[in-house]
Structure formats: C-alpha cells, structure tokens
Amino acid sequence: DTEVTQTPKHLVMGMTNKKSLKCEQHMGHRAMYWYKQKAKKPPELMFVYSYEKLSINESVPSRFSPECPNSSLLNLHLHALQPEDSALYLCASSQDQVVGTTTGELFFGEGSRLTVL
Amino acid sequence: AQKITQTQPGMFVQEKEAVTLDCTYDTSDPSYGLFWYKQPSSGEMIFLIYQGSYDQQNATEGRYSLNFQKARKSANLVISASQLGDSAMYFCAMRERSGSRFSGNTPLVFGKGTRLSVIA
C-alpha cells in the first residue's frame, strides 16, 4: 500500500466557516507534510510533522492549524480563511531519519482543492 | 539556503521524440538528493526519479533518465520516446541531508516547474 489519501478532494467554504482537511497514510512513514500550491506555481511548504511532533512551521498564518493525532493521520484545520487562501493543498509523507542510499522521496496525495468565497 | 532553478516555463515535443528538461540547483550542503516529480492536471505529484549527490552513475527509471553534472550543479531530466500521457508539469526538487539522513527537518524544495506538451 503506497497511497496517501486526502479528503475532501474539493471544498468550498465561506470566510466565516470552520472546516478541516484530512490526510491518511499507512506506509509507516513518520514524517508528514502540508504543502500549499497556487495555480501555475510550485508547491510551497507549510508544515512538517516528524514523529507526530511539529518540526517546521513556515510562518503560516494562525487561521491554518495543523494537527497530527497519530502516526497515520494529519489534519489541517481551517478557520476565518481569506479568498487568497484558495489553492490546492497537498499532503505528503516520507520515511524519517532515512540513512544511506534510501531515496527519501515524498509520497503525495491527490490534494484538496479549496475555494474560499 | 537551497535553491532550484528551472528556466523553461514551457516545452513542446513531438510524440516519440526525446526531450530534456533543465534543472540547476544551489546548495552548500555536500550531501543531498535531487528528485523529479510529474504533476498532471489532476493535481497529484508523481515521483519519477532520484539522484543522490554521491551517486557515481546517472539514475535511470524506464523512459526517464537523469543527466547529473555535479560540478555544474545541474540535474536535467531526459524523457525518451515521449507519449501523449507525458503532457504535464514537471518539477525538479531537492532535499538536503542532515548528516547522512533525510529527516522531517530536511523537506523537499521545488523549482518553478516546466510545462511539457507532447504533440501527436
């Protein structure tokens, strides 16, 4: 099983709504990532969890709140978003503390396409 | 800080021909990995090929090969025998190692991408 599953695939929300994006992997990976991708741009890192602890926060506004309840799940809680937050949100996972010749690639989900009205 | 440069915003290639997508990188870390991903219009990022900074040989995976020139800090992707299904965005990316390890503290950093269009 080499899948990263993201739900929902599409989400439309108003600026006052609270919603969550979910990500799940069963590959035993201990590093999980949230990336944000605007149209025609590369993915930009938002958060990294390593062994269920937040290890990187790329100065993301507090209206985005990540959560890693266990080693298989990663959530992104959304509250009071702005229209400019509309984007594709990609979740990824990888092995952590990978030694030597292992390639260390990230495995991505299909993304959650978010529209903020 | 690491940096990835892809200078070709868009490329066209005839079906069954080979195409080279350019990527240069900059890092002060002697140990790193270079990756190429494909992103179709559906949005999923698909891992294609990996090259380690200490690898002696260029990586190959089926129709994909990586032309790695370490001294020039370039890692160009070569796609042979292009197919219509190869039409997509292609991203070059890099991870630095922390000591000898990839870790959650060394995430993937992407270049701006190249949009490849394969023409029948």
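Residues numbered from 1 in each chain as written. Chains lettered and ligands numbered in written order. Predicted model: local features only at pLDDT ≥ 70, side-chain atom pairs only at ≥ 80, totals over all residues. Heavy atoms only, no water.

Student: I'd like to hear about the overall build of chain B, residue by residue, with values.
Tutor: A count of helices and strands for chain B gives zero helices and 13 strands. Along chain B, helices (α) and strands (β) appear in the sequence β-β-β-β-β-β-β-β-β-β-β-β-β when read from the amino end. The C-alpha atoms of chain B give a radius of gyration of 14 Å, which matches the 14 Å a tight globule of 120 residues would have. Its C-alpha atoms put chain B at 45 × 30 × 25 Å along the principal axes. (Helix = DSSP H or I, 4+ residues; strand = E, 2+ residues; numbered from the N terminus. Rg over C-alpha atoms; globule rule 2.2 N^0.38 Å.)

Student: Explain the layout of surface pockets to me, and be specific about the residues and the numbers.
Tutor: Computed from the structure, the largest pocket encloses a volume of approximately 340 Å³. Surrounding the largest pocket, 18 residues form its lining, Pro43, Glu44 and Leu45 of chain A together with Val109 and Phe110 of chain B being those nearest its centre. Going through the elements one at a time, strand E5 (44-50) of chain A together with strand E12 (109-110) of chain B are the ones with two or more residues in the lining of the largest pocket. For the lining of the largest pocket, the residue count by class is nine nonpolar, four polar and five charged. (1 Å grid on protein atoms, 1.4 Å probe; cavity = no way out; pocket = protein on both sides within 12 Å on 5 of 7 lines; lining within 4 Å. Points joined across faces, edges and corners; volume = space filled by probe spheres on them. Nonpolar A, V, L, I, M, F, W, Y, C, P; charged D, E, K, R; others polar.)

Student: How would you explain the state of the cysteines if you had to name every residue and give the values?
Tutor: Residue and element names in this part refer to chain A. Enumeration over the complete set of coordinates arrives at two disulfides over all chains. Here cysteine 23 engages in a disulfide with cysteine 91; their sulfurs sit 1.9 Å apart. Across the S-S bond linking cysteine 23 and cysteine 91, the dihedral sits near -75°, which makes this disulfide left-handed. Here cysteine 23, found in strand E3 (residues 18-25), pairs with cysteine 91, found in strand E9 (residues 87-94); they are 68 residues apart in sequence, far enough to count as distant. No disulfide involves cysteine 68; its sulfur sits 9.2 Å from the nearest other cysteine sulfur, which is in cysteine 91. (Disulfide = S-S within 2.5 Å.)

Student: Help me get a handle on unusual backbone geometry, residues and values and all.
Tutor: All names here are of chain A. Following threonine 7, the chain continues into proline 8 via a peptide bond in cis, with omega recorded as -10°. One non-glycine residue, lysine 40, lies in the positive phi region at around 65°. Tracing the chain through its elements places lysine 40 in the loop between strand E4 (31-37) and E5. Residue class for lysine 40 comes out exposed when judged on its relative accessible area of 77%. The backbone of tyrosine 51 sits at a positive phi, close to 50°, despite the residue not being glycine. Take tyrosine 51: its relative accessible area is 39%, and that puts it in the partly exposed class. (Buried < 20%, exposed > 50% of the residue type's maximum accessible area, 1.4 Å probe, protein only.)

Student: Tell me about the nonpolar core, and please be specific about residues and values.
Tutor: Judged by nonpolar contacts, the single largest core of 24 residues is most densely connected at Tyr25, Trp36, Ile49, Leu77 and Tyr90 of chain B. Looking at this core, the element that brings in the most residues is strand E10 (residues 88-96) of chain B, giving four residues. Excluding residues within four positions of it along the chain, isoleucine 49 of chain B makes contact with Leu34, Phe35, Trp36, Ala59, Thr60, Glu61, Tyr64, Ser65, Leu66 and Leu77 of chain B. Counting 23 residues, the second largest nonpolar core, distinct from the first, contains Met32, Tyr49, Cys91 and Leu114 of chain A. (Core = buried A, V, L, I, M, F, W, Y, C linked by side-chain atoms within 4.5 Å. Contact = heavy atoms within 4.5 Å.)

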